[in-house]
Amino acid sequence: MNDVLVAKLGSSTLVGADGRLRTPVIEARVRDLVAARRGGGRVVLVSSGAIACGLGRLGMRGRPTALPDLQAASAIGQGALYTRYEDALATHGAVAAQVLLTSTDLERRASYINARNTLERLLELDAVPIVNENDTTATDELTFGDNDVLAAQVAILLRARLLVLLTEGDGVYAAGPEGPALIGEVPPGARPEDLGLANMGPSRLGRGGVASKVAAASMAAGAGVRCVVASGAAEGVLPALAGGAAGIGTAFLPAARAESAFKLWLRHAKPVMGRVRVDDGAARALRGRGTSLLPVGVLAWEGSFGVGDAVEVLDAEGDARVGKGVAAMSADELGEVAGLRTDEIRRRRPGASEEVIHRDQFVLDPADVG
């Protein structure tokens, strides 16, 4: 069993209302990480806080919307944040390693593998990776959205045993007649929209909130990673969870079925560049027989996708998602052969691809995975 624990700390936990880093919180969470390490686990920390820290140093209150302001704040705050972690880990004889990622690092298969290899090597060397999004170079269109999603991506990439999303609350709350009630456990396959979440408000300095954490936890759990949303202020949460303790925070139970590393990457990291609508026969074949998607089953498509881009496959009405795959032909090429049988394609376009998506480069929608 994989012994990797991925923990995520948010901006509002790490940075006070005055814009200063909460050194006692950092030191306490580092103690927890070290304790989990000593218990036999290998730990990765995904940490927000660079922008919030930078804003405090610039004397800015609240989170600005202008991208250059956010990137400048990140450039100022990231070094200070990492140095604080480095110093705190050093007091326990541990070595920190700064890892900055952008969404494009995980969208491309080669760089995804490189990121995984680097993180795994750091863990083999007994270092503690401190991961954050590289906000100084990311754009609004090329971000993870928030570090909850980044943490889920890292946990999936490493096939972690446990992901812990540390937050200001004790977990995830559902709305109830007598007020919000803590959800103790979320079963495998539960959809975020079915949880009846209480509105707890967004975080003060970060981009995330309860909806973000639930979405990220559901993503990780769907990939087979147990996830817990728990308090970032309580002592001993990380080593307790790493040791198998139950009844802490909100646990999202993992899906039983494991997928290949390629399919995990395709499902969770590769962005959708287009959509293809297929007839009922093609949908049944994809779902029930694991076949490739052939042009004869295509009804319509949208997007200017190219060979190697990810496309979403929808049913005939376009209401239900069948799955997601890597295109073996471009949108323009599909326009020339959609609806044609394989023998017709061979006559018209000798040597061209006969498949829209090969079965080995396709993943079913999670609702259809048994």
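For the structure, see preceding data.
About the thresholds
Residues numbered from 1 in each chain as written. Predicted model: local features only at pLDDT ≥ 70, side-chain atom pairs only at ≥ 80, totals over all residues. Heavy atoms only, no water. Buried < 20%, exposed > 50% of the residue type's maximum accessible area, 1.4 Å probe, protein only. Helix = DSSP H or I, 4+ residues; strand = E, 2+ residues; numbered from the N terminus. Phe/Tyr/Trp six-rings, centres within 6.5 Å; stacked < 30°, edge-to-face > 60°. Pairing = 2+ DSSP bridges. Contact = heavy atoms within 4.5 Å. Axes fitted to C-alpha atoms, helices over the stretch in contact; angles between N-to-C directions. Parallel < 35°, antiparallel > 145°, perpendicular 65-115°, else oblique. Nonpolar A, V, L, I, M, F, W, Y, C, P; charged D, E, K, R; others polar.

## Observations concerning helix α10 (residues 261–268)
Okay, step 1: Of all 8 residues in α10, 6 are buried, a share of seventy percent or more.
Okay, step 2: Within α10 the residues assigned to the buried category are Phe262, Leu264, Trp265, Leu266, Arg267 and His268.

## Details of helix α7 (residues 147–157)
Okay, step 1: In terms of burial, α7 is a largely internal element, 11 of the 11 residues being buried.
Okay, step 2: Those residues of α7 lying buried are Asn147, Asp148, Val149, Leu150, Ala151, Ala152, Gln153, Val154, Ala155, Ile156 and Leu157.
Okay, step 3: Once α7 ends, the next one or two residues include Arg159, with phi positive near 50°.

## Thoughts on the packing of aromatic side chains
Okay, step 1: Within this structure, the stated rule accounts for 2 aromatic pairs.
Okay, step 2: Here Phe262 and Trp265 contribute two aromatic rings whose centre-to-centre distance is 5.6 Å and whose plane-to-plane angle is 50°, an arrangement assigned as tilted. Highlighted residues: Phe262 and Trp265, both in helix α10, separated by 3 residues, approximately one helical turn. As far as burial versus exposure is concerned, Phe262 and Trp265 are alike and both buried.
Okay, step 3: Within the aromatic cluster, the residues linked to one another by ring pairs are Tyr112, Phe262 and Trp265.

## Describing the sheet that holds strand β5 (residues 162–167)
Okay, step 1: Spatial ordering of the open sheet is given by β3-β4-β2-β1-β5-β9-β10-β8, a layout of 8 strands whose pairing is mixed. Each of the sheet's edge strands pairs with one partner strand only, and the pair in question is β3 (95–101) and β8 (185–186).
Okay, step 2: Sheet topology note: the strand β1 (residues 4–9)/β5 ladder contains 5 bridges and is parallel. The partner of Leu9 across the bridge, within β5, is Leu166.
Okay, step 3: Across the sheet, helix α6 (residues 109–124) is in contact with β1, β2 (42–47), β3 and β4 (127–133); its angle to β4 comes to roughly 145°.

## Looking at the environment of Ala283
Okay, step 1: Tracing the chain through its elements places Ala283 in helix α11 (residues 280–289).
Okay, step 2: Looking at Ala283, the relative accessible area reads 4%, which means it is buried.
Okay, step 3: If we skip the residues at most four places from it in the chain, Ala283 touches Val278 and Val322.

## Some words on the packing of α7 against helix α8 (residues 210–222)
Okay, step 1: Here α7 crosses α8 at 10°, and the two axes come no closer than 8 Å. Our classification of the angle between α7 and α8 gives roughly parallel. Taken together, the residues of α8 that come into contact with α7 (itself represented by Asp148, Val149, Ala152, Gln153 and Ile156) are Ser212, Lys213, Ala216, Met219 and Ala220.
Okay, step 2: Grouping the constituent residues of the contact of α7 with α8 by class yields 6 nonpolar, 2 polar and 2 charged.

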